[in-house]
Amino acid sequence: MKIKDKKLFILYIIIIFIVLIFIGISTNVNGRNIGFNSEDVKNLNEGWKYITDSGDKLQINLPTELLVPKGSDYSIAMDLPKAFEEGLFLCIRSSQQSLIVKIDGEEIYRHGIGTHNKFNTCVGSSWNLIPLLKSYGGKELELTFNSKYDDFSGMINSIYYGTKSSILFKLIEDYGFRLFVAIILLIMGIICYILLRALKYININTDNLIYLSIFEILISIWLLGESKMLQFFIGNEFVVTNISLFTIMIVLIPMILFVHTLGGHFKKITIIFCLVYGFNFVISVILQIWGIRDFYQMTFYTNFLNTVAILYLCIAIIIEIVKHKNKEAEFIGVSLSVLAITGLIEIINFYTKNFNVISNFIDIGSLVFLLFISIFIALKIKNLIETSREKKYYEMLAQHDSLTKGKNRTAYLMDVSKIFKDENRPDITLALFDLNNLKKINDKYGHLMGDRAIVDCYNCINKNFSKLGNCYRIGGDEFACIMLNCKKEDLEESIDSFNKHIDEINCKTIYNFDIAVGYANCDNNKELNFDDLLKKADKLMYHNKRAIKIK
C-alpha cells in the first residue's frame, strides 16, 4: 500500500472510530425522550392457557416452545382485558406457521390456510395485525397455530396489542438496526456496482470489484428478508416469504469468483463450486414445483454447502497470503474473517434452532465487512483511475510525434486497421503529402531549420485538412490525412486553401518550401483494400511532385 493510501486508510479508521464512540455514548446516556411515539404497546405474554389434545388447559407465558408434532394444530387461549379502546390491533408473529384467531369461538382472522399454490407452499414468517373491537373486551381470545416444520411446530412468539402506529414504532425500535444495516449495504452495493460498471465502459478493468459489489447487494437482500421488516415495504407474500431463501442459495458465488480473481488460482475449484451451487438452485426449484420439498426444507443442504464454501474461502485467502504473498488478499482476509465467523455462528444458530437471534450476529459482521470492503473498493478505484490515466498518457506518447505533436505512424496504422475491419465501412479519402527538398534544407541550413520545415509542413496540412479528417506524420518528410465521407467540393476547397498557405510560408522562409500532394478515394468498395488505395494516392502524389519540380 502506498504512503498516500495508508494515510487515507488511517483517516477512514479514525472517522469510523469516532462514529462508533458517538453511537456508544448516545446509546448509554439517558435523556428526555423527544421521539414521535408517545403511545405504549402492551404485551399479552402472561396468563395464557395451552389447550391440550385432551381438552385440559395448562398455564403458560410467552414466548414459549411446546412439544407439538409437525402438522398438528395447537391452541392457546386467554381472557382479554375488559376495558378496551377503539382503534387497537393485536400483533402476532407467525414463524413458518398458519394462524387462526377466534373470539369466544367465532373466527375473526386466518393466515396461511388455503392461500398457497403449488409453487408457493411455504407459509413463511410474517406479522399479523388483527383489529380488536371495543366489544371484544372481557371475551376469550383463542389462537390456533400449525407448522409443517419440526423447527417451528410448537413455537409461540411474544404477542402485543396497541395502535397501528405504536406497534410499528416498537418493531422499528426492536428491528430497526437490522433494517438500517441492510439498507445501507444495499445502497452502497448498488452505488459501487454502478460506479464500477461506468469505469468498465471507459476500459478500466473492474471485474473483480464488480463481484464484491454483487456480493454486498446479495448480503443486503438476504438481511432485508431476515430483518422482519420487509413486510412493511413489500406486500407480496411470495417475495417476503422466499427472498431470503433464494439469496442464501447464491450469495457466496460472487465472493468465490472474487477470490479466484485475486491471483487466478483455484480455477477448477471455482468452477466446481459454481456448478454445485447452480445444481442446488435448480434442484430446489424443481422439488418446490413438484411439491416434494419446498425452499425452506432445502436450506439444510444449502447451509451445509455454504459452510463448506466459507471454509474454502478462508483457506484460499490464507494460501494467497502465505504462499503467493498477495497484498490484496491480506486486506480482504481481515474483513472476510469477521463475516465468516459471524456467518458460521448464524449457521450454528440455524441448526440448533435458535431462531430468535438469527441475523443478530450477521448484522454486526456485515456492517464491519461493509466498512472494510468500502475502503478497499474506494482505494482500488482510486488506484485504477490513476493507472488508467498513466496508461492513456503513455498511449498518447506512443501515438504522437514528438516534433510536430501530431499523430504518428503508429496511430495512422491503427486507424487504418480499425476502418478497414468495419463491415459498414464509410467512403474513404486518403491524401498523402511529401515535403520537397528536405535533404537540401538540412544540408544547406542545418537540421534545426529542417525540423522547422517539418513542423511548418504538418501545421499547414493540419490547418487545412483537420476539419475533414485526421492528419499524421508517417515518416521523415511524409504525411497523410484520412478523411471519411468527404465531399469532393470540401476537399477541393481545402486543397486551394492549402496551396495558398504554402505560398504564405514561402514568403517567410529563406528556403524553397513546397509540399507535394496526392489523394485517392474508395467509394465504399469492399473489394478495394488499403494497399490499393495507398498505391493510387502515392502515384498521384509523385505526379504532383514531378509537376512542382518542372515549375
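Everything here concerns the structure above.
All figures in this text were calculated on a predicted structure; none of them were measured in a lab. (Residues numbered from 1 in each chain as written. Predicted model: local features only at pLDDT ≥ 70, side-chain atom pairs only at ≥ 80, totals over all residues. Heavy atoms only, no water.)

Focus: the nonpolar core
Among the nonpolar cores identified, the biggest contains 69 residues, and Leu212 and Met255 are the most heavily contacted of them. The element contributing the most residues to this core is helix α2 (residues 164-201), with 10 residues. (Core = buried A, V, L, I, M, F, W, Y, C linked by side-chain atoms within 4.5 Å. Buried < 20%, exposed > 50% of the residue type's maximum accessible area, 1.4 Å probe, protein only. Helix = DSSP H or I, 4+ residues; strand = E, 2+ residues; numbered from the N terminus.)

A closer look at the pattern of salt bridges
If you walk through the whole model with that rule in mind, you get 9 salt bridges. For Glu140, the salt bridge goes to Lys57, with nearest N and O atoms at 3.3 Å. Placement of the pair is Glu140 in strand β10 (residues 140-146) and Lys57 in strand β3 (residues 57-60), with a sequence separation of 83 residues. For Lys57, a relative accessible area of 45% translates into the label partly exposed. A salt bridge links Asp294 to Lys148; the nearest nitrogen and oxygen atoms lie 2.9 Å apart. (Salt bridge = Lys/Arg side-chain N within 4 Å of Asp/Glu carboxyl O.)

A word on the sheet that holds strand β13 (residues 428-435)
Within the open sheet, the 4 strands sit side by side as β14-β15-β13-β16. Their pairing is antiparallel. Each of the sheet's edge strands pairs with one partner strand only, and the pair in question is β14 (469-473) and β16 (515-522). Going across the sheet, the axis of each strand differs from the next one's by a mean of 15 degrees, ignoring polarity. Summarising the sheet, β13 and β16 pair through 8 bridges and their orientation is antiparallel. Looking at the pairing, Leu432 lines up with Gly518 of β16. (Pairing = 2+ DSSP bridges. Axes fitted to C-alpha atoms, helices over the stretch in contact; angles between N-to-C directions.)

Things to note about helix α5 (residues 253-263)
Among the 11 residues that make up α5, 8 are buried, leaving the element largely enclosed by the rest of the structure. Residues Ile253, Pro254, Met255, Ile256, Phe258, Val259, His260 and Leu262 constitute the buried set of α5. Looking one or two residues past α5, Gly264 carries a phi angle of roughly 75 degrees, positive in sign.

What to know about the sheet that holds strand β1 (residues 42-43)
One key point about sheets: their strands pair by backbone hydrogen bonds, in either a parallel or an antiparallel sense. What the 4 strands build is an open sheet, ordered β1-β12-β6-β9; its pairing is antiparallel. Single-partner strands in this sheet number two, and they are β1 and β9 (125-132). Inspection of the sheet shows strand β6 (residues 88-95) paired to β9 by 8 bridges, in the antiparallel sense. Bridge pairing links Cys91 to Leu129 in β9.

A short note on a nonpolar patch on the surface
A cluster of nonpolar side chains, namely Leu168, Ile172, Phe232, Phe233 and Ile234, defines an oily patch on the protein surface of about 430 Å² accessible area. Here Leu168 is to be found in helix α2. (Patch = residues over 30% accessible without salt bridge, like charges linked within 9 Å, V, L, I, M, F, W, Y side chains within 5 Å. Areas by Shrake-Rupley, 256 points an atom, 1.4 Å probe, with all protein chains shown as cover.)

Geometric descriptors of this kind do not, in isolation, establish any biological role.
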